[in-house]
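In case you want the letters, here they are:
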Amino acid sequence: MLCLAPGDDLAAAWELARRTGVASLGHLLERFPALPEGSLLVGLGDGAGRLSALTVVEALPWDTSIFGMAMGMIPSLEVGPLGSGERLARAAVDEAIRRGFRHLSARAQVEDRGSLWALEAAGFRAMDVVVELQREAGGESAVPVGQAIDPAHPDDLPALEALSATAFERSRYFADPALPREASEELHRRWIANDCRGRAAVVLVARDGRAPIGYIACLLRDDNGVIDLIAVQPEARGRQVGRALCAAALDWFRTRCRKIVVRTQIHNLRAIAMYQTFGFRIAAAQMTLHRSQRG
Ligand SMILES: CC(C)(COP(=O)(O)OP(=O)(O)OC[C@H]1O[C@@H](n2cnc3c(N)ncnc32)[C@H](O)[C@@H]1OP(=O)(O)O)[C@@H](O)C(=O)NCCC(=O)NCCS
């Protein structure tokens, strides 16, 4: 087994990956030109000096600080024709636990049963399926008249935090019995606070009078616009506020990016129906799995 930590020279892994000729092993390394602090790279050999499978356990410092235990993410298992996903997943888990990780998340495309079954064999359990929807940024958006929407100002933050705390109960954090509910609420409060403090390019707020009743947070990433978060107060749902926020965001994105991307849980039927009426189409589906280490 090959196990590298930050500071180690990744050249050995590059060389082994190059010799296999399996493109996905190289692609994974390309995404991690240097390993982030606390992260690990775990690879398996094929007995003939070549790499047969490779993964990264990425440290999640933000989640770690909120949940109070070392948390990591396996973004993908890359397995060559001679490799074993199950052996790789088990090796990554063993090494991560040895280095103090207490909670791991992992992602795999829904159609990639090899990875999903390997993760299950290594003790991971399904938490949610996330779909990514996309549309071109150009075209009409038709912001409805009659709904006041303007950029967030600092006074809005307590109301936006309160709304965020419970709006995303379909997410993997709330689904996982190993993660305390109060901490998951806190994570979503901090998420919108960070968006308001500059992570988002703009946060648009829908109002009843001056009081916020919903918001949409828009990011710009490379050439893409990203709808990072959208939420409407429970009492105001079903009254076209979400639609008005979406339309305002599309208007804002129109001249700033080429494509707009949004991710949500596949069982968030209301949100998916809303995005589809704006011409978004589902482009990919990924399963998220978690594994927590007791003790
Ligand atoms: C998703 C959310 C933002 C939608 O806001 P909303 O104000 O309730 O939505 P609207 O009233 O504007 O309805 C927009 C569309 O959603 C769909 N919709 C609304 N209510 C629905 C329901 N009960 N069932 C199915 N679809 C529904 C419809 O397509 C509707 O368009 P239409 O009225 O033209 O048919 C809101 O439900 C919410 O805050 N949910 C919790 C947070 C969340 O899940 N965010 C999305 C994560 S990315």
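Residues numbered from 1 in each chain as written. Predicted model: local features only at pLDDT ≥ 70, side-chain atom pairs only at ≥ 80, totals over all residues.

The next point concerns the domain arrangement of the protein. Split into domains, the protein comes out as domain 1 (2-123) and domain 2 (135-286). Each of domain 1 and domain 2 has a C-alpha centre, and these two points are 32 Å apart. When contributions to the side of domain 1 that touches domain 2 are tallied by element, the ones reaching two or more residues are helix 3 (61-67) and strand 6 (103-109). Top element by residues in the side of domain 1 that touches domain 2 is strand 6. It accounts for 4 residues. Across the side of domain 1 that touches domain 2, the residue classes tally to 4 nonpolar, 2 polar and 1 charged. (Domains from an automatic or database assignment. Helix = DSSP H or I, 4+ residues; strand = E, 2+ residues; numbered from the N terminus. Nonpolar A, V, L, I, M, F, W, Y, C, P; charged D, E, K, R; others polar.)

This part takes up the pairing of strand 2 (residues 40-45). When you tally the buried positions in strand 2, you get 5 out of 6 residues, the bulk of the element. As defined by bridge partners, strand 1 (residues 2-4) adjoins strand 2 across 3 bridges and the pair is classed as antiparallel. Within the sheet, the bridge partner assigned to L2 lies in strand 2 and is G43. In terms of strand pairing, strand 2 meets strand 3 (residues 51-59) through 6 bridges, oriented antiparallel. For V42, the partnering residue across the bridge sits in strand 3 and is T55. (Buried ≥ 20, exposed ≤ 12 C-beta atoms within 10 Å, placed from the backbone. Pairing = 2+ DSSP bridges.)

With that out of the way, let us pick up the site of the ligand. Around the ligand lies a shell of 20 residues, among which R237, G242, R243, A273 and M274 are the nearest. For the shell around the ligand, the elements supplying multiple residues, two or more each, are strand 11 (224-232), helix 9 (241-253) and helix 10 (269-277). Among the elements that line the shell around the ligand, the one with the most residues is helix 10, at 6 residues. Residue composition of the shell around the ligand, grouped by class: 10 nonpolar, 6 polar and 4 charged. (Near = placed C-beta within 6 Å.)

Turning our attention to helix 2 (residues 23-31). L25, L28 and L29 are the residues of helix 2 that are buried. Seen end-on, helix 2 carries its buried residues on one side only, within an arc spanning 100°. The outward face of helix 2, more than 90 degrees from its buried face, is lined by the exposed residues A23, E30 and R31. In the core, the buried residues of helix 2 are packed alongside helix 1 (11-20), strand 3 and strand 5 (77-79). (Arc of directions from axis to C-beta. Contact = placed C-beta atoms within 7 Å.)

Turning next to the nonpolar core. Grouped together as the largest cluster of nonpolar side chains are 46 residues, with contacts concentrated most on V57, L88, A89, A92 and L119. The next biggest cluster of nonpolar side chains, apart from the first, holds 42 residues, and it includes L133, V241, C246 and A271. (Core = buried A, V, L, I, M, F, W, Y, C linked by C-beta atoms within 7 Å.)

A few words now on helix 4 (residues 85-98). Along an α-helix, residues three or four positions apart point the same way, because every turn accommodates 3.6 residues. When the terminal C-alpha atoms of helix 4 are compared, their 20 Å separation across 14 residues agrees well with the 20 Å that a helix rising 1.5 Å per residue should span. The complete set of buried residues in helix 4 reads G85, L88, A89, A91, A92, V93 and A96. Looking one or two residues past helix 4, G100 carries a phi angle of roughly 100°, positive in sign. (Expected span 1.5 Å × (residues − 1).)

Positioned with a positive phi, D222 is a non-glycine residue whose angle comes to about 55°. Mapped onto the fold, D222 is located in the loop between strand 10 (211-221) and strand 11. Positive phi outside glycine occurs at Q240, with the angle close to 75°. By the secondary structure assignment, Q240 is in the loop between strand 11 and helix 9.

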